[in-house]
Amino acid sequence: MHGLLPGGHASSADVSPSPAAEASGLLSLPWEMVTHIASHLPAQCVITVLPKVCQALSNVGKDSTAWQLRARRLIGSQACFPVGPREDFDWPTACLEIEQLITCWTGQAHLVARQTQQDEEERERVRQQQRGGQDGEPVAEGQEAGREVVVEGVAVQEVAYGVDEGMEVALEDEDGELQPDADGDQLARLREELEERLEDDPVMEGERDHRVVFDDDEQQDAALNHQEDLEGPRYLGNERHVEMKECQPPRSPSPPPALECITLPSGHIAQVNSVLLVGGEGAVCATGSRDWNVKLWDLHADSGDMLLHTLGGQGHFSTHLGWVWCLASLGPLLASGGFDSTVRLWDLQAGGAERGLIRAGAAVLCLSCQTDVLLAGTFDKKVSMYDTRAAEPLVKSLRLHGNAVMCLAADDKYIISGSKDCTVAVYDRRADKGLNKVRLGSYLLSMSYSDKEVWAGDNRGMLHSFSMQAGVLKLLSQFDVGHTALVTGIHRSPGSLYTCSSDRTVKVHIPCAPPRTLCTLHHQAGVNGLSVDAGILAVASGDMCVEIWKPRK
């Protein structure tokens, strides 16, 4: 590796910009020391900045072993990572995503703890003022009950049934409105910090700090839930709530948060079942609701102008004629599936214009868009393949299960489907045959497939991880990450894992074995789905609310 180091004969473009680089600069050090120094720089710097400094430093980011050591330092030696096959694993992307996840979501916990204490003091002050002005006035029963339920961690589950299909849908309640913290590595001071980083490892210190914070997670959650009770949609018309907001004392300055949370203006009149970020870089959000409508939102617009369109054909008063249950997209195509037994196609480039209608024959419970085919899982136990360009779009219907198909994932080779019959099936698209089937003790409701790994959530709150190699699906592990009801949404990438549940929580994890949970967001109703794109998180809940968490610019 020493041969990679430029000597005195190298051109000026190939050496460090420091005037002293040739004699005593960074590149005069042994290459092992250079890579060790670089291992303490942010992954973003190694990937995007060092290659611009000189050709030699661009080779730092090509060292797979260095990336694996970085990942181990970030996650800890006790956890297994990656959970699936290591062959062709994207280590640089994984490390970059893990560092961004830690920066955004562990800082969140520090700020939540601080703000929870401030809000608790503020509410106590307001209660004393109210008691002084109106002796004997009781606190609203709903507020007290809400507080007791949250502290004890009890959630009441309701079961509703789908239109004529008898499909079970679980709904629950909790709350949460977190505000983030920030971490800020100053790349401009790169050269000055290199030697300091050899003696002091801030990443490892951060790891220790984060573990301390999350050991106390339950106490923070209980306090946070108490805080949020008075701020939910049920109390928006409560004059006391407005008065509390108006008399808030000024707060002490805090670091700028790494994330900002915005709530989409109330556009639906029933639960939002599905949410999907489309258009690239999380620019547009699509929401599907039990009010039969699909809406498109511009996430870059001001709050009053975010609603772009309510989708629907000419002369139709709603997008579907039943609950909208699932969404999928690829490029300009958006597909929505509903309990009216149809899949409706929309053109995002044409302002959401109607592009086609597919009659599925049963309630559509899950969708997956691929480059050459649209896949739909339905209540009548089928996985159907459609060509959206054809006048007769149905290509083939597959009967892979003995009950409703609840979730789907696919690529250009395989289709993976999960059913209420507690099986997961693999179908080979090219060979046109089923390959293998895995039987579980529960049924899957959500699934994420990428990089030879499949992660899924079931009806008992458990996560399951599978490897997917050469058409063989193999169950690796199952994990209890703290969900107590249906896992309704899951997103996995090389360095991130997001899950949501009808137990009213969203959890952010590092996708190792076992998953390391960085943050838990609480909501006032069951969370029905999530979508992640370019570091932006969209969350749909049963109280008609859609939250968008995105990095602050």
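Below: a short report on this structure. Note on numbering: residues in each chain are counted from 1, in written sequence order. This being a predicted model, a pLDDT of at least 70 is required before a residue's local features are given, and a value of 80 or more before pairs of side-chain atoms are given or counted; all residues contribute to the totals for chains, interfaces and linings. Computation of side-chain values: all heavy atoms of the structure, hydrogens and water removed.

## Concerning the pattern of salt bridges
Move 1: Here, a salt bridge means any side-chain nitrogen of Lys or Arg that lies within 4 Å of a carboxyl oxygen of Asp or Glu. The tally for this structure, following the rule as stated, stands at eleven salt bridges.
Move 2: Of the charged contacts, one joins E99 and R70 as a salt bridge, the two residues approaching to 2.7 Å between their closest N and O atoms. Of the two residues, E99 sits in helix α6 (residues 91-133) while R70 sits in helix α5 (residues 64-75), which places them 29 residues apart along the sequence. The same class applies to E99 as to R70, namely buried.
Move 3: Here E453 ties to R492 by a salt bridge, and the two come within 3.2 Å at their closest N and O atoms. Of the two residues, E453 sits in strand β21 (residues 453-458) while R492 sits in strand β24 (residues 487-493), which places them 39 residues apart along the sequence.
Move 4: Relative accessible area serves as the criterion here: at 2%, E453 is assigned to the buried category.
Move 5: Via salt bridges that share partners, D451, E453 and R492 belong to a single interconnected network. Helix and strand definitions here come from DSSP, where helices need a minimum of 4 consecutive H or I residues and strands a minimum of 2 consecutive E residues; each element is numbered from the N-terminal end. Per-residue accessibility, obtained with a 1.4 Å probe over protein chains only, is compared with the maximum for each type, and a residue is labelled buried under 20%, exposed over 50%, and partly exposed between these values.

## Quick notes on a nonpolar patch on the surface
Move 1: A cluster of nonpolar side chains, contributed by W292, F317 and L321, occupies part of the molecular surface with about 360 Å² of accessible area.
Move 2: Position of W292 relative to the elements: it lies in the loop between β5 (284-289) and β6 (294-298).
Move 3: The exposure class of W292 is partly exposed, given its relative accessible area of 30%. Patches here: salt-bridge-free residues with over 30% relative accessible area, like charges joined within 9 Å, nonpolar side chains (Val, Leu, Ile, Met, Phe, Trp, Tyr) joined within 5 Å. Working definition of accessibility: Shrake-Rupley area with a 1.4 Å probe, residue cover restricted to the visible protein chains.

## Structural notes on the pairing of strand β13 (residues 374-378)
Move 1: Along β13, five of the five residues are buried, which leaves the element largely enclosed by surrounding structure.
Move 2: Every second residue of β13 is oriented toward a common face, with L374, A376 and T378 on one face and L375 and G377 on the other, all of them buried.
Move 3: Bridging between strand β12 (residues 364-369) and β13 involves five bridges; their strand directions are antiparallel. Across the sheet, V364 pairs through a bridge with T378, a residue of β13. When DSSP locates at least two bridges between a pair of strands, those strands are taken to pair.

## Thoughts on the sheet that holds strand β17 (residues 414-419)
Move 1: A sheet is described by the order of its strands in space; here four strands give the open sequence β16-β17-β18-β19, paired in antiparallel fashion. With one partner strand each, in any of the chains shown, β16 (405-410) and β19 (433-439) form the two edges of the open sheet. Averaged over all adjacent pairs, the angle separating strand axes in this sheet is 20°, with direction ignored.
Move 2: Direction of pairing for β17 relative to strand β18 (residues 423-428): antiparallel, over a ladder of five bridges. Within β18, the position partnered with G418 by the bridge is V424. Every angle, taken between N-to-C directions, lies between 0 and 180 degrees, and every axis is a line fitted to C-alpha atoms, over only the stretch in contact when it is a helix.

## Remarks on the side chain of H401
Move 1: Looking at the secondary structure, you find H401 in the loop between β15 (394-398) and β16.
Move 2: A 3.5 Å cut-off defines polar contacts: any pair of N or O atoms within that distance qualifies, except that in protein one atom must be a possible hydrogen donor and the other a possible acceptor, and neighbouring residues in sequence count only when both atoms are side-chain atoms. A distance of 2.7 Å separates a polar atom in the side chain of H401 from a polar atom in the side chain of S417.
Move 3: Among the polar contacts made by the side chain of H401, one reaches the side chain of T423 at a distance of 2.8 Å.
Move 4: Throughout, a contact is declared for two residues whenever any of their heavy atoms are within 4.5 Å. Once residues lying within four places of it in the same chain are set aside, the contact partners of H401 are K381, S417, G418, S419, D421, T423, V424 and A425.

## Some points on the packing of aromatic side chains
Here the distance between the centres and the angle between the planes together describe a pair of aromatic rings.
Move 1: Two rings from Phe, Tyr or Trp (for Trp, the six-membered ring) form a pair when their centres sit within 6.5 Å of each other. Planes less than 30 degrees apart are called stacked, planes more than 60 degrees apart edge-to-face, and all others tilted. Considering all chains together, one arrives at nine aromatic pairs under this definition.
Move 2: Here W105 and W549 contribute two aromatic rings whose centre-to-centre distance is 5.6 Å and whose plane-to-plane angle is 50°, an arrangement assigned as tilted. Here W105, found in helix α6, pairs with W549, found in strand β30 (residues 546-551); they are 444 residues apart in sequence, far enough to count as distant. By the burial criterion, W105 is buried, and W549 matches it.
Move 3: Of the aromatic side chains, those joined through ring pairs into one cluster are F81, F89 and W91.
Move 4: By the criterion adopted, a ring carries a charge over it if an Arg CZ or a Lys NZ lies within 6 Å of its centre and within 35 degrees of its normal. Over the aromatic face of W323 sits the side chain of R290, whose NZ or CZ is 4.2 Å from the ring centroid.

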